[in-house]
Amino acid sequence: MSIERGICLSGKGLTKVFGLGRQKCVAVDNVDFDFYEGEVISIVGESGSGKTTLAKMILGLIGITEGEIYFHGKKRDISTQMKKKEYWKNIQAIFQDPYSSYNIFNKIDAVLMDCIHMRGGRELPHEKKVKMMAEACSFVNMKWEELTNKYPFELSGGQMQRLMIARIFLLKPQILLADEPTSMIDACCRSTILEMLMQLRKEIGMTLIFITHDIGLAYYVSDSVYIMEHGKFVESGSPDSVILHPTQAYTRRLINDVPKIHEEWDLSTVSYSQS
Amino acid sequence: MNMPKVMLEVKDLTTKYVTRFRENVYAVDHVSLEVEEGKSLGIAGESGCGKSTLALSLMGYYFAPLHYMSGEIIIDGVNVTGMDPDTIRKSILGSEISYIPQAAMNALNPTRKIINFIEDVYQAHDPYKTKKEIYELAKKSFEFLGLPANVLQKYPVELSGGMKQRTVIAVSVILFPKVLIADEPSSALDVTSQKMVIKMLKNLMENGLIKSMIFITHELPLLYNVTDDIMIMYAGQIVEKGTAKQVVFDPIHPYARGLMGSIIVPESGLREIKLAAIPGVPPNLKNPPSGCRFAERCRYVVPECKVTSVAMHEVEGKRAYRCIFPEKELKNFYRKEAQ
């Protein structure tokens, strides 16, 4: 398919430096990227390679030391709280740890109600709101009747993560940033969650950015893969080219380290001095 | 030819949790298993299926709300069931059976140095050793395991995640136990650290420092590469067991098949496969269904499934599965579906 797609998010020379002087730590180092509309993008790297810092910069949760982020070709402006809120209508995130993603004092009703309000549904009649919430819950295979009047901590990890997807279903953002959405969930639930995310993406046509250290997952879902090492993108391209035919030594090592089932898993390459 | 020595034997072990409202939750339900010398057994299953409870039960860790119900645990010919907690602590834990906890990040006390943990272990088992002797021993075993000796003098916060996990393993095996239980030792680590941890465990096995291992995880590709045998658990029961190859490539039980369908590995051809998600949720173990526990989610369910409980069917060798259908019929179902 060769549909001309616009660039929805791009970064130019993004840099994040933590600390000063001798304590200085360059977490993200001069990163450029262009994410196209409707694409599934994976950013893969080890722990400490700066994936989450990049995600936080994209979301506007932390400041940028240097560089700019362009949203639909325009420079992103989140200087005031109002503008930030406007920006977050377009970009949303699912985080790694579902247990700490919710306000523990708010009931699930309030969590979902907030989403409707954020989409400008404040004036809708209550029955309409409930109907929308029930629809969102049924999308993620949960029953609204079982969820209402409950607190998020009464749910299991997989259910919480699914509720997160229900939120995204209501918010309908243009970009969804999923920061290791499945790393705390077991393998069986993982495929359910992935399936839901993919279906959601199809339904509302959003761009999906996966941040993960699971190379198998990146290979399975994405249209383009970025490999990150020490705050830099070392390799990028289509999953077939990057993961099956890596050119960089780092990528090759990373892929070599994943346990596989049809190929031999070579343990002899491990050297303990790496960390 | 002499028979391989059985290191760990579990017969019909049942343990339960008692909730605040006096409800019984049978998290481990009539589990029997056997691990021979030099072999490793993998246990896989969803969260909440009783994998970790099984690990705690094997160690004799019966503190409320976990209670022992019935069954026997025999470690290298010694029946440890019914021993009082103090004896278990003194003579069984650490030297006979040892445990690598799931969250190694939180397993170390941040206010103590690594050497202090090792001193604690020796104090319980061999109180006449001097600190100097302990240090020498610890240094030797750390160096053998590929950890620098200066780790011993560090505090846990000074170590990286992978290093911390390897340190926890090194402390766990300091007395060279006969059975090592590794409960998701690498689930919080990235692939490179994970490989180091696995290499370390394999090293220990190959050198005979630990006699046998039970490896618990939900990551099947990892399990396939690490262990000799695999056991699949569902809702407190074993639903299938066999060698790693048999279970991964030729599963019999519908649930095991579903699990294998959710494997994601970066290999060519993966993108064309549709991931198999098992719909529904596991049953509540407070009042488990009377029939097959997987019946609610099973694609091949027939009314008989829900009537009586299903026993394990033995197939050739050590292979066994828990389903009312014979193996051939299940295979037929799968073949039809594939077409």
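Residues numbered from 1 in each chain as written. Chains lettered and ligands numbered in written order. Predicted model: local features only at pLDDT ≥ 70, side-chain atom pairs only at ≥ 80, totals over all residues.

Asks: For this particular structure, what's the right way to read the overall build of chain A?
Replies: Helices and strands together make up the secondary structure of chain A, namely 10 helices and 10 strands. For 275 residues, the compact-globule estimate of 2.2 N^0.38 gives 19 Å, and chain A sits close to it at 20 Å. In terms of principal-axis extent, the alpha carbons of chain A reach across some 60 × 45 × 45 Å. Among the 275 residues that make up chain A, the fraction classed as buried is 41%. The contacts of chain A with a sequence gap of at least 6 include a subset with a gap of at least 24, amounting to 68%. (Helix = DSSP H or I, 4+ residues; strand = E, 2+ residues; numbered from the N terminus. Rg over C-alpha atoms; globule rule 2.2 N^0.38 Å. Buried ≥ 20, exposed ≤ 12 C-beta atoms within 10 Å, placed from the backbone. Contact = placed C-beta atoms within 7 Å.)

Asks: What is the right way to look at the sheet that holds strand β7 (residues 175–179) of chain A in this model?
Replies: Backbone-to-backbone hydrogen bonds pair the strands of a sheet. The strands run either parallel or antiparallel. All names here are of chain A. Taken together, the 6 strands give an open sheet; going across it, the order is β6-β7-β8-β3-β9-β10, and neighbouring strands pair in mixed fashion. Each edge of the open sheet carries a strand with a single partner, namely β6 (91–94) and β10 (232–237). Between one strand and the next, the sheet's axes are offset by a mean angle of 20°, whatever the strand orientation. Inspection of the sheet shows strand β9 (residues 224–229) paired to β10 by 5 bridges, in the antiparallel sense. Within β10, the residue paired with Val225 across the bridge is Gly237. (Pairing = 2+ DSSP bridges. Axes fitted to C-alpha atoms, helices over the stretch in contact; angles between N-to-C directions.)

Asks: In this structure, what is going on with the nonpolar core? I would like to understand it.
Replies: The nonpolar side chains of a soluble globular protein tend to be buried with one another. Counting residues in each nonpolar core, the largest one holds 168 residues, and the members touching the most others are Ile209 of chain A together with Ile181 and Ile232 of chain B. Top element by residues in this core is helix α6 (residues 157–171) of chain A. It accounts for 9 residues. Setting aside anything within four residues of it in sequence, one finds Ile209 of chain A in contact with Phe35, Ile41, Ile43, Ile175, Leu177 and Ala178 of chain A. (Core = buried A, V, L, I, M, F, W, Y, C linked by C-beta atoms within 7 Å.)

Asks: What is the right way to read the sheet that holds strand β2 (residues 24–36) of chain B from this model?
Replies: All names here are of chain B. The antiparallel open sheet is built from 4 strands, whose spatial order is β2-β1-β4-β5. Edge positions in the sheet fall to β2 and β5 (78–79), since each of these pairs with one other strand and no more. Sitting on the sheet, helix α1 (residues 51–58) is in contact with β1 (6–18), β2 and β4 (66–75), with an inclination near 70° to β2.

Asks: How should the interface of chain A and chain B be read in this particular structure?
Replies: The partner chain B presents 38 residues to the 34 residues of chain A that form the contact. Listing elements by their share of the side of chain A that touches chain B, those giving two or more residues are α7 (187–204), α8 (215–221), α9 (239–244) and α10 (249–256) of chain A. By residue class, the composition of the side of chain A that touches chain B is 18 nonpolar, 9 polar and 7 charged. (Nonpolar A, V, L, I, M, F, W, Y, C, P; charged D, E, K, R; others polar.)

Asks: Which parts of the structure should I look at to understand the pairing of β9 of chain A?
Replies: Where a strand is regular, its side chains alternate between the two sheet faces. Residue and element names in this part refer to chain A. Burial runs high along β9: 6 of the 6 residues are buried. On β9, burial covers both faces: Ser224, Tyr226 and Met228 on one face and Val225, Ile227 and Glu229 on the other are all buried. The pairing of strand β3 (residues 40–45) with β9 spans 5 bridges and is classified as parallel. Looking across to β9, one finds that Ile41 is bridged to Ser224.

Asks: What should I look at first to understand the packing of helix α3 (residues 108–118) of chain A against helix α4 (residues 126–139) of chain A in this one?
Replies: Two packed helices can be described by the angle between their axes and the distance between those axes. All names here are of chain A. Remark: α3 packs on α4, axes separated minimally by 10 Å, with the N-to-C direction vectors making an angle of 110°. Classified by the angle their axes make, α3 and α4 are roughly perpendicular. Crossing handedness for the pair α3 and α4: right-handed. Only Lys129, Met132, Met133 and Ala136 of α4 make contact with α3, whose side of the interface consists of Leu112, Met113 and Ile116. Its residues assigned to classes, the contact of α3 with α4 shows 6 nonpolar, no polar and 1 charged. (Parallel < 35°, antiparallel > 145°, perpendicular 65-115°, else oblique. Left-handed = near helix turned anticlockwise from the far one by under 90°.)

Asks: How should unusual backbone geometry be read in this particular structure?
Replies: With the exception of glycine, the majority of residues adopt a negative phi angle, and the majority of peptide bonds are in the trans configuration. The backbone of Asn141 of chain A shows a phi angle near 60°, a positive value even though the residue is not glycine. With respect to the helices and strands, Asn141 of chain A occurs in the loop between α4 and α5 (144–147).

Asks: I would appreciate a short explanation of the confidence of the model for chain A in the present structure.
Replies: If pLDDT is low for a region, its predicted coordinates should not be looked at in detail. When the pLDDT values of chain A are averaged, the result is 86; 97% of them are 70 or greater. In the model of chain A, α7 of chain A stands out as the element of lowest mean pLDDT, 84, in contrast to β9 of chain A, which has the highest, 92. (pLDDT = per-residue confidence, 0-100.)

Asks: Which parts of the structure should I look at to understand the environment of Leu223 of chain B?
Replies: All names here are of chain B. If you trace the backbone, Leu223 turns up in helix α8 (residues 220–226). Distance from Leu223 to Glu240, taken between C-alpha atoms, is 15 Å for residues 17 residues apart in sequence. Setting aside residues up to four positions removed in sequence, Leu223 forms contacts with Gly42, Ala44, Phe215, Thr217, Ile230 and Ala244.

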